[in-house]
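What the coordinates show
Residues per chain are reported as follows:
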Amino acid sequence: RTVALPLSGKLGVRDKLRPKAQPNPVLEIFYTTRCKNPKEGELINLAKQCDLPVRSVERWFRRRRNAARPSLSKKFCEACWRFIFYIIAFFTGLGVLYDKPWLWDHRECWTGYPQQPLQPSLFWYYLLELSFYCSLVFTLPFDVKRKDFKEQIVHHAATIFLISFSYCANYIRIGTLVMVIHDASDCILEPTKIFNYMKWKKTCDCLFMIFSAVFLISRLVIYPYTVLYNTYYYSMEIFQPFFGYYFVNVLLMTLQLLHVFWSCLIIRMVYKFILQGTMEKDMRSDTDESDKDEETEKMKEKEKNGITYFSNITSTNCIQRNGAQQQNNRTHLTNGHAKDR
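The chain goes by Ceramide synthase 4 in an unreviewed UniProt entry, where it is assigned to Tinamus guttatus. Under Subcellular location (unreviewed entry), UniProt gives the following word-for-word description of the chain: "Endoplasmic reticulum membrane". Word for word, the UniProt comment on the chain under Catalytic activity (unreviewed entry) is "sphinganine + octadecanoyl-CoA = N-(octadecanoyl)-sphinganine + CoA + H(+)".

Take a look at the structure:
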C-alpha cells in the first residue's frame with residue numbers, strides 16, 4: 001500500500017471504470033448467500049420479487065460480479081510484493097546452496113542419511129519459504145482470485161506438507177533443491193505481470209517468452225531428473241522404502257501434475273503468441289463481463305439520435321430551400337412591396 005500503490009499511479013496503471021449496480025437488498029442477499037450467477041428461472045423469480053425486467057436483474061448481477069473482481073492496481077501491488085519475495089528467495093537459495101555438494105552431484109543428497117546435520121543457513125532458508133507459503137494460505141480470501149484457484153489451493157497445501165515433512169524426515173537436501181527450482185521461474189513471472197499491467201507490450205512479451213522457456217525447462221526437465229528420479233531411484237541405493245519414502249514421492253508427483261497442467265496453459269499461450277504476434281491475456285485471470293444488453297441499448301440510442309439529427313438537418317434544409325424558392329418566385333417592386341409571380 002505504501003510503495004506499490006503510489007508507484008502504480010506514476011507508472012500509468014489505471015483502473016477501469018465499472019458501472020456500479022444499484023442498491024437492491026433482495027438481489028444482494030441472493031448474490032451473497034446463494035449464487036453469483038443465477039440461472040434463467042432464478043432470474044425470472046427475482047425479477048418478479050423486485051418488480052423489475054429480467055434484463056435489468058441480469059444486468060445487475062453482471063455489474064455486481066464485475067465490481068467484485070480485483071482492480072488493476074490491486075493486481076499490480078500483489079505482483080510487486082511477490083516479485084520482491086521470489087527474487088530474494090531465489091538468490092538466498094543460490095547463496096545457501098552454491099557451495100553444497102548435492103547441488104552439483106545429486107547422489108550426495110543421500111550420503112550419510114538419515115544422520116545429516118542441519119546447518120543454520122538451511123534452517124533459515126526453510127523457515128523463509130515455509131512462512132511465505134503459510135501466508136499465502138492465510139491470505140487466500142483477500143488475494144486476487146484466478147481461474148486456477150482450486151489448483152492453487154492444492155499447490156499451496158502440497159508445498160506446505162512437503163516442506164514440513166521433509167524437515168521432519170530430514171529430507172532437507174531434496175527440499176532445498178525443490179524450492180530453488182520453483183523460485184527460478186517465479187521471479188520472472190511477476191515482473192512479466194507488472195509490465196503487462198503497465199501496458200509495456202514489447203517488454204512484457206520478451207519476459208513472457210523467457211519465463212516460458214525457464215518454466216518448461218525447470219519444471220518438465222530439471223525437476224523430474226534432479227528431484228523425482230533422485231528420490232525414486234537413488235534413495236533406494238541407501239535405504240529400504242519406508243512411510244516417508246512413499247509420502248514424499250506422492251507429494252512430489254502431485255507438484256509434477258500441477259506443473260503439467262500449467263505447462264499446457266503456457267504452451268497454448270506461446271502458440272497463440274507465435275501465430276498472432278502478441279501475448280494473450282493470462283488465461284488464469286477473470287476478465288470483466290461485457291454488458292451486451294447495455295451496449296446494444298447504447299447503439300440503438302446512437303442510431304436513433306443519428307436518425308433524429310439527420311431528419312432535423314434534412315427538414316431544416318428543406319425549409320431553407322423552400323423559403324429560398326418562395327423568395328425567388330417573388331418580384332420586388334420599387335415601392336418595397338412584394339408580389340408573387
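This part is about the environment of glutamate 237. Along the chain, the position of glutamate 237 falls in the loop between helix H9 (201-232) and helix H10 (243-276). Exposure remark for glutamate 237: the relative accessible area of 53% places this residue in the exposed category.

Among the nonpolar cores identified, the biggest contains 52 residues, and Trp110, Tyr171, Val178, Tyr223, Val227 and Leu252 are the most heavily contacted of them. Looking at this core, the element that brings in the most residues is helix H8 (residues 172-197), giving eleven residues. The contact partners of tyrosine 223, leaving out residues within four places of it in the chain, are Val178, Ile181, His182, Ser218, Leu228, Leu252, Leu255, Gln256 and His259.

In this section: the pattern of salt bridges. If you walk through the whole model with that rule in mind, you get six salt bridges. Note that glutamate 28 is salt-bridged to arginine 64, the shortest N-O span being 2.9 Å. Residue glutamate 28 is found in helix H2 (residues 25-33), and its partner arginine 64 is found in helix H4 (residues 54-68); the two are separated by 36 residues along the sequence.

Cut-offs applied
Once a new chain begins, its residue numbering starts again from 1 and follows that chain's sequence as written. Restriction of local features to residues with pLDDT of at least 70 applies here, the model being predicted, together with a cutoff of 80 or more for giving and counting side-chain atom pairs; totals for whole chains, interfaces and linings are based on all residues. Computation of side-chain values covers all heavy atoms of the structure but excludes hydrogens and water. UniProt positions are given in the numbering used here, feature names are shortened, and annotations may be inferred rather than shown by experiment. Each helix is a run of DSSP H or I of at least 4 residues and each strand a run of E of at least 2, with the numbering of both proceeding from the N terminus. The cut-offs for exposure are 20% and 50% of the maximum accessible area for each residue type, with area from a 1.4 Å probe on protein chains only; residues under the lower value are buried, those over the upper are exposed, and the others partly exposed. Only buried residues count toward a nonpolar core, which is a set of Ala, Val, Leu, Ile, Met, Phe, Trp, Tyr and Cys residues joined through side-chain atoms within 4.5 Å. Note on contacts: a residue pair qualifies if any of its non-hydrogen atoms lie within 4.5 Å across the two residues. Salt bridge criterion: a side-chain nitrogen from Lys or Arg within 4 Å of a carboxyl oxygen from Asp or Glu.

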